[in-house]
Every structure is written in C-alpha cells, then in structure tokens.
Amino acid sequence: MAHCPFDFFTDGKKHNICLVGGGGKTTVMYELAAAWADCGRKVLVLTSTHILQPADGSFAADVPAVQNLWQQGRYAVIGTPEFATGKLMLPPQRVYEALKLQADVILCEADGSKHHPCKVPAEHEPVLLPDSDIVLAVAGMDVLGRQLMQACQRPQLAATLLGCSAEKIINAQMLASLLLSEQGARKNVGARAYYIVLNKCDLQKAAQQEEIRWLLVSAGMDEHRIWLRERGE
C-alpha cells in the first residue's frame with residue numbers, strides 16, 4: 001500500500017489526477033489506485049497516451065465490468081486496446097464520460113518516458129485530461145550523476161532548456177529546474193494543483209535528498225507537495 005503523504009489522498013474529495021514525467025509513473029499510479037481502492041474509493045485508471053494492458057484482471061472492457069470491479073473493492077483500468085501492440089490507449093469518450101461521474105478518483109498516465117528517469121516534453125506532450133485538477137510529476141533520483149543524453153528523454157530539449165550540452169552530468173539543480181519549468185514537467189499545468197514525486201530516494205544519500213528538497217522549496221514549491229519516495233514504499 002502506498003504511503004502517500006499528500007493532502008489529496010485523505011481529503012475525501014473527488015479528484016482527477018494526471019501523472020507526467022519519468023521515473024516510475026506507472027508504479028506510483030497503480031500503488032495509489034490500490035491504496036484508494038483499499039479505502040473503499042471507486043478508482044478509475046486510464047491513459048491519454050499508452051500503457052500496457054494489466055494482466056491482473058483489473059482491465060474492464062465496458063461500464064458494467066468497471067462497476068463489477070468496484071463492487072469487489074478493486075480499481076478498474078479502462079482503455080482502447082491498440083491492435084498492433086496490445087497496449088491501451090485513451091478509452092472511448094462515451095465510456096469515459098459515463099464513468100467519470102461515478103468514480104471517486106481518476107488516475108491518468110498522461111505522459112511517456114520510455115523508462116527514462118526524467119524527461120522534457122515535446123510540443124504535443126503531455127496529454128492532460130481537460131477536467132483534471134491535479135498534476136503529479138514523477139522523476140527518478142537515479143538520474144543524478146548521469147549524462148542528460150543517457151538519463152533524460154528528449155535530451156536535446158532538456159539541454160536547450162537548461163542551457164548546456166547533452167553530455168552534461170545531471171545534478172540536483174538541473175533536476176529541480178526540469179521539475180519546476182513550465183517547459184519541463186510543469187508544462188500546461190495552469191491552475192491545477194502541482195505535486196512532485198521523487199522516486200528511488202534510497203539510492204541517494206540523505207544530504208542529496210535534502211538538497212533537492214531545499215532547491216524545490218526555495219524556488220517556491222510547497223514542501224508538503226514533495227514526496228521523497230523510496231523503492232518498495
């Protein structure tokens with residue numbers, strides 16, 4: 001079960017949350033979905049890009065199948081299977097519209113990173129749901145000490161944003177800049193509430209964890225909207 005420290009996890013309100021960035025979005029999304037379902041919430045999971053179709057029986061092909069999973073106390077994953085890959089894409093609009101009125105929590109993976117710990121979005125990214133109220137940006141702390149060209153998706157965009165070469169070794173300041181930039185992880189957030197999850201913190205020393213937290217907070221990020229998450233948490 002996810003030990004989510006964020007206020008929205010326990011406030012009892014309806015939420016529509018989009019996850020962006022890199023470094024474990026899918027893992028965080030499913031852990032939050034399971035934790036909310038364990039609390040008796042009706043949780044709907046989908047993507048506005050592509051995700052693997054889950055093999056655990058949580059995929060629901062239609063509205064009655066979703067409702068059946070909710071009755072079992074489980075979260076439901078919806079989407080349109082892509083013929084060529086078997087991955088799920090955005091579900092049919094009529095299905096989504098019917099279910100979003102019934103769901104307590106909606107979680108949407110709205111960005112892809114091809115397993116890179118961080119990324120800078122292209123012009124067409126991220127694909128945020130128009131009715132989402134929260135954006136959750138995810139990055140892996142294992143990006144620190146590695147070159148942009150190795151650890152960041154779209155490294156040339158990142159290099160341009162940061163004003164450096166793609167061979168540059170990523171430090172805490174660079175990661176903080178990517179997370180806070182409106183051309184980076186904060187792109188198109190607008191008036192939505194913005195939260196940050198830093199994954200794999202157990203791979204870094206406590207001093208490095210505190211450095212990145214301090215950089216984010218000193219730049220105006222609310223410290224209560226930053227989750228320093230360890231693997232397996």
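Remember, it's a predicted structure, so these values are computed and weren't measured experimentally.

K.L.:
Sorry if this is basic, but what is going on with the environment of Gly-145 here?
P.N.:
Here Gly-145 is to be found in the loop between strand 8 (134-140) and helix 4 (148-151). Its relative accessible area of 52% is what places Gly-145 among the exposed residues. Taking the C-alpha atoms as reference points, Gly-145 and Lys-168, separated by 23 residues in sequence, lie 9.4 Å from one another. Leaving out residues up to four positions away in the same chain, Gly-145 has contacts with Ile-169 and Ile-170.

K.L.:
Is there a simple way to explain the packing of helix 6 (residues 172-180) against helix 7 (residues 206-218) in this structure?
P.N.:
Relative orientation and spacing of two packed helices are given, respectively, by the angle between their axes and the distance between those axes. With their axes 9 Å apart at the nearest point, helix 6 and helix 7 run at an angle of 45° to one another. Comparing the axis directions of helix 6 and helix 7 gives the class oblique. Where helix 6 crosses over helix 7, the two elements pack in a sense that is right-handed. Counting all contacts with helix 6, which are made through Ala-172, Gln-173, Leu-175, Ala-176, Leu-179 and Leu-180, the residues of helix 7 involved are Glu-211, Ile-212, Leu-215 and Leu-216.

K.L.:
Got a minute to help me understand the nonpolar core in this structure?
P.N.:
The tendency in soluble globular proteins is for nonpolar side chains to be buried side by side. Core analysis: the largest hydrophobic core is formed by 51 residues, its most contacted members being Leu-175, Leu-179, Tyr-194, Leu-198, Ile-212 and Leu-216. With 6 residues, the top contributor of residues to this core is helix 6. Excluding its chain neighbours within four sequence positions, the residues that come into contact with Leu-179 are Ala-137, Ala-139, Ala-185, Arg-186, Tyr-194, Ile-196, Leu-198 and Leu-216. Residues Leu-19, Ala-35, Leu-88 and Leu-136 belong to the second largest nonpolar core, which totals 29 residues.

K.L.:
So what exactly am I meant to see when it comes to a negative patch on the surface here?
P.N.:
A cluster of acidic residues, Asp-7, Asp-11, Asp-222 and Glu-223, forms a negative patch at the surface. Along the polypeptide, Asp-11 turns up in the segment before strand 1 (15-21). Judged by relative accessible area, Asp-11 falls into the partly exposed class, the value being 33%.

K.L.:
I keep staring at the sheet that holds strand 3 (residues 76-77) and nothing clicks. Help me out?
P.N.:
An order of 3-2-6-1-8-10-11 is seen for the 7 strands of this open sheet, with the pairing classed as parallel. If you trace the sheet from one side to the other, it starts and ends with strand 3 and strand 11 (226-228), each paired once. Taken together, the 3 bridges between strand 10 (residues 193-199) and strand 11 define a ladder with parallel strand orientation. Among the inter-strand pairings, Val-197 is bridged to a residue of strand 11, identified as Trp-227. Lying over the sheet, helix 6 contacts strand 8 and strand 10, oriented at roughly 145° with respect to strand 10. Packing against the sheet, helix 7 makes contact with strand 10 and strand 11, and its axis sits at approximately 175° to strand 11.

K.L.:
Could you clarify how one ought to interpret unusual backbone geometry in this entry?
P.N.:
Leaving glycine aside, a negative phi is the common case for residues, and trans is the common case for peptide bonds. Pro-126 follows Glu-125 through a cis peptide bond whose omega is -15°. Topologically, Pro-126 is positioned in the loop between strand 7 (118-119) and strand 8. One non-glycine residue, Lys-200, adopts positive backbone phi at about 60°. By secondary structure assignment, the location of Lys-200 is in the loop between strand 10 and helix 7. On the accessibility criterion, Lys-200 (31% relative accessible area) is partly exposed.

Reading guide: rules and limits
- Within each chain, residue numbers correspond to sequence positions counted from 1 in written order.
- Only residues with pLDDT of at least 70 are given local features in this predicted model, and only at 80 or more are side-chain atom pairs given and counted; all residues enter the totals for whole chains, interfaces and linings.
- Neither water nor hydrogens contribute to the side-chain values; these are computed over all heavy atoms in the structure.
- In this description a helix means any DSSP run of H or I spanning at least four residues, a strand means any run of E spanning at least two, and both kinds are numbered starting from the N terminus.
- Think of it in three bands: residues with accessible area under 20% of the maximum for their type are buried, residues over 50% are exposed, and the middle band is partly exposed, with areas taken using a 1.4 Å probe on protein chains only.
- Any pair of residues with heavy atoms lying within 4.5 Å of one another is described as a contacting pair.
- Interaxial angle, 0 to 180 degrees, is taken between N-to-C directions of lines fitted to C-alpha atoms, where a helix line uses only the stretch in contact.
- Note on terminology: angles under 35 degrees are roughly parallel, angles over 145 are roughly antiparallel, angles of 65 to 115 are roughly perpendicular, and the others are oblique.
- Each crossing is labelled by how the near helix is turned from the far one, with a counterclockwise turn of less than a right angle marking it left-handed and a clockwise turn marking it right-handed.
- As used in this record, nonpolar core signifies buried Ala, Val, Leu, Ile, Met, Phe, Trp, Tyr and Cys residues forming a set joined through side-chain atoms within 4.5 Å.
- Every patch collects residues that have over 30% relative accessible area and no salt bridge, joining them within 9 Å if they carry like charges and within 5 Å if they are nonpolar side chains (Val, Leu, Ile, Met, Phe, Trp, Tyr).
- For accessible areas, the Shrake-Rupley method is used with a probe of radius 1.4 Å. Any residue's cover is judged against the shown protein chains and nothing else.
- Throughout this description, the term salt bridge denotes a Lys or Arg side-chain nitrogen within 4 Å of a carboxyl oxygen of Asp or Glu.
- Charge convention: Lys and Arg are scored as positive, Asp and Glu as negative, and His as well as the terminal groups of each chain are ignored.
- In plain terms, the charge of a residue is placed at NZ if it is Lys, CZ if Arg, CG if Asp and CD if Glu.
- The pairing criterion for strands is at least two bridges between them, as found by DSSP.

All quantities given are derived from atomic positions and should not be read as evidence of function.
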